[in-house]
Amino acid sequence: MKITSIKQQVKRKDRYAVHVDGKYSFSLGELELINSGLRLGQELNKTELEELEDKAKLDKAYDRALGLVAIRQRSKWEITDYLKRKKYEQEEIENILNKLSRAGYVDDLAFATAWVNNRRLLKPISKRKLIQELRQKRVSSEIINQVLAADETIEAEVLHELVVKKRQQTKYKDDLKLMQYLSRQGYNYGDIKEAMQVESED
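Notes on the structure in this doc start here.

Parameters at a glance
- Residues numbered from 1 in each chain as written.
- Predicted model: local features only at pLDDT ≥ 70, side-chain atom pairs only at ≥ 80, totals over all residues.
- Heavy atoms only, no water.
- Patch = residues over 30% accessible without salt bridge, like charges linked within 9 Å, V, L, I, M, F, W, Y side chains within 5 Å.
- Areas by Shrake-Rupley, 256 points an atom, 1.4 Å probe, with all protein chains shown as cover.
- Salt bridge = Lys/Arg side-chain N within 4 Å of Asp/Glu carboxyl O.
- Lys, Arg positive; Asp, Glu negative; His and termini not counted.
- Charge placed at Lys NZ, Arg CZ, Asp CG, Glu CD.
- Helix = DSSP H or I, 4+ residues; strand = E, 2+ residues; numbered from the N terminus.
- 1 Å grid on protein atoms, 1.4 Å probe; cavity = no way out; pocket = protein on both sides within 12 Å on 5 of 7 lines; lining within 4 Å.
- Points joined across faces, edges and corners; volume = space filled by probe spheres on them.
- Nonpolar A, V, L, I, M, F, W, Y, C, P; charged D, E, K, R; others polar.
- Core = buried A, V, L, I, M, F, W, Y, C linked by side-chain atoms within 4.5 Å.
- Buried < 20%, exposed > 50% of the residue type's maximum accessible area, 1.4 Å probe, protein only.
- Contact = heavy atoms within 4.5 Å.
- Pairing = 2+ DSSP bridges.
- Axes fitted to C-alpha atoms, helices over the stretch in contact; angles between N-to-C directions.

Topic: a negative patch on the surface
A cluster of acidic residues, Glu 48, Glu 50, Glu 51, Glu 53 and Asp 54, forms a negative patch on the protein surface. Inspection of the secondary structure puts Glu 48 in helix H2 (residues 46–71).

Quick look at the layout of surface pockets
Computed from the structure, the largest pocket encloses a volume of approximately 230 Å³. If you go around the largest pocket, the residues you meet are Asp 14, Arg 15, Gly 29, Glu 30, Leu 31, Glu 32, Asn 35, Asp 59, Tyr 62, Asp 63, Leu 66 and Lys 99. Here the residues of the lining of the largest pocket sort into three nonpolar, two polar and seven charged.

Describing the nonpolar core
One finds Ile 79, Leu 83, Ile 96 and Leu 100 to be the most contacted residues of the largest nonpolar core, which totals 14 residues. Among residues more than four places away in sequence, those in contact with Leu 83 are Ala 61, Tyr 88, Ile 93 and Ile 96. In this structure, Leu 162, Tyr 172, Ile 192 and Ala 195 belong to the second largest nonpolar core, which totals 13 residues.

Notes on the sheet that holds strand E2 (residues 15–20)
Pairing in this open sheet of three strands is antiparallel, and the strands run E1-E2-E3 from one edge to the other. Here the strands that pair on one side only, and so sit at the sheet edges, are strand E1 (3–8) and strand E3 (23–29). For this sheet the average axis-to-axis angle between neighbouring strands, irrespective of direction, equals 25°. This element, H2, spans E2 and E3 of the sheet and lies at about 50° to E3.

This is the structure in structure tokens:
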């Protein structure tokens, strides 16, 4: 079997289609292609071709995972779940995760820190809600505790800010509806009552 063509893909300029004996066989990213040392006219036996196809499969999975983290940082569990849904085997997933980790693309501590910082910027949010969200991303309790311990946000001030903001909306002029909303955001009854009392005295 002979490599008869190595062509840059039309839609993905960073990937190359490899044809063997005139037929498409697999594709590789630019770096992986360079590292593989493949060249036109190269003869391959069946074992070598199978190894290249396996490498191409992992390369494509890694490329997909990179596309995912390019949108936003992801927890290790999110990437694992994504690759499972794409039907990759556990050994393949571990291989990809290790590669992403070495490149600095998978780091649950960095992910959790960025998550908390971004959520704080977007809107007032309780620590309890942040814990719930990070647990949904399967971040470990140790990392959650570490990140929130470094968070200097004063919960009472955040809650007061939220009460003032929501009071500007007609439906939250009603105390019960406001309390129900704040409860859904992770605040406890006592803190809610205190914040609403402070707001009424402003």
